[in-house]
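Residue-level structure breakdown
Each chain, letter by letter, is given below.
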Amino acid sequence: MKEKVQEALNKVRPYLQRDGGDVELIDVTDDGEVKVRLKGACGGCPGAQITLKQGIERVLKQEIPEVKRVTPV
């Protein structure tokens, strides 16, 4: 599943990079939790939580039904 998550993150990544940020995959647990680290401008952005939930998590859940939640680390 980790490869599928990485592929899905690669689809989101250009949008984050356009604003000076990025996302790094840290871990995918057996219970469907995806742990990511927001980097660059996204790391300290006040809208990072919105990006995480309405952007990254939404895309991952649509593409990979096994994903239950996305957690920042």
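No experiment lies behind these values; they were computed from the predicted model shown. (Residues numbered from 1 in each chain as written. Predicted model: local features only at pLDDT ≥ 70, side-chain atom pairs only at ≥ 80, totals over all residues. Heavy atoms only, no water.)

Considering the pattern of salt bridges
Under the definition given, this model contains seven salt bridges. Two residues, Lys11 and Glu63, come together in a salt bridge whose shortest N-O distance is 3.2 Å. Of this pair, Lys11 sits in helix α1 (residues 2-18) while Glu63 sits in helix α2 (residues 48-63), and the two are 52 residues apart along the sequence. Take Lys11: its relative accessible area is 49%, and that puts it in the partly exposed class. The partner of Arg69 in a salt bridge is Asp31, and the shortest N-O contact between them spans 3.1 Å. Linking Arg69 in strand β3 (residues 69-72) with Asp31 in the loop between β1 (21-28) and β2 (33-40), this pair joins segments that are 38 residues apart in sequence. (Salt bridge = Lys/Arg side-chain N within 4 Å of Asp/Glu carboxyl O. Helix = DSSP H or I, 4+ residues; strand = E, 2+ residues; numbered from the N terminus. Buried < 20%, exposed > 50% of the residue type's maximum accessible area, 1.4 Å probe, protein only.)

Things to note about the environment of Gln6
Its location among the elements puts Gln6 in helix α1. Taking the C-alpha atoms as reference points, Gln6 and Glu24, 18 residues apart in sequence, are found 9.0 Å from one another. If sequence neighbours within four positions are ignored, Gln6 has contacts with Arg13 and Leu25. (Contact = heavy atoms within 4.5 Å.)

A few points about α2
Over its 16 residues, α2 extends 21 Å from the first C-alpha to the last, a length consistent with the 22 Å expected when each residue adds 1.5 Å. Those residues of α2 lying buried are Ala48, Leu52, Ile56, Glu57, Val59 and Leu60. Close packing links the buried residues of α2 with α1, β1, β2 and β3. (Expected span 1.5 Å × (residues − 1).)

Some words on the sheet that holds β2
With respect to topology, three strands assemble into an open sheet ordered β1-β2-β3, the strand pairing being mixed. Looking at the sheet topology across the chains shown, the edges are occupied by β1 and β3. The mean inter-strand angle of the sheet, taken between neighbouring strand axes irrespective of direction, is 35 degrees. The pairing of β1 with β2 spans seven bridges and is classified as antiparallel. (Pairing = 2+ DSSP bridges. Axes fitted to C-alpha atoms, helices over the stretch in contact; angles between N-to-C directions.)

That's the geometry; what it means functionally is another story.
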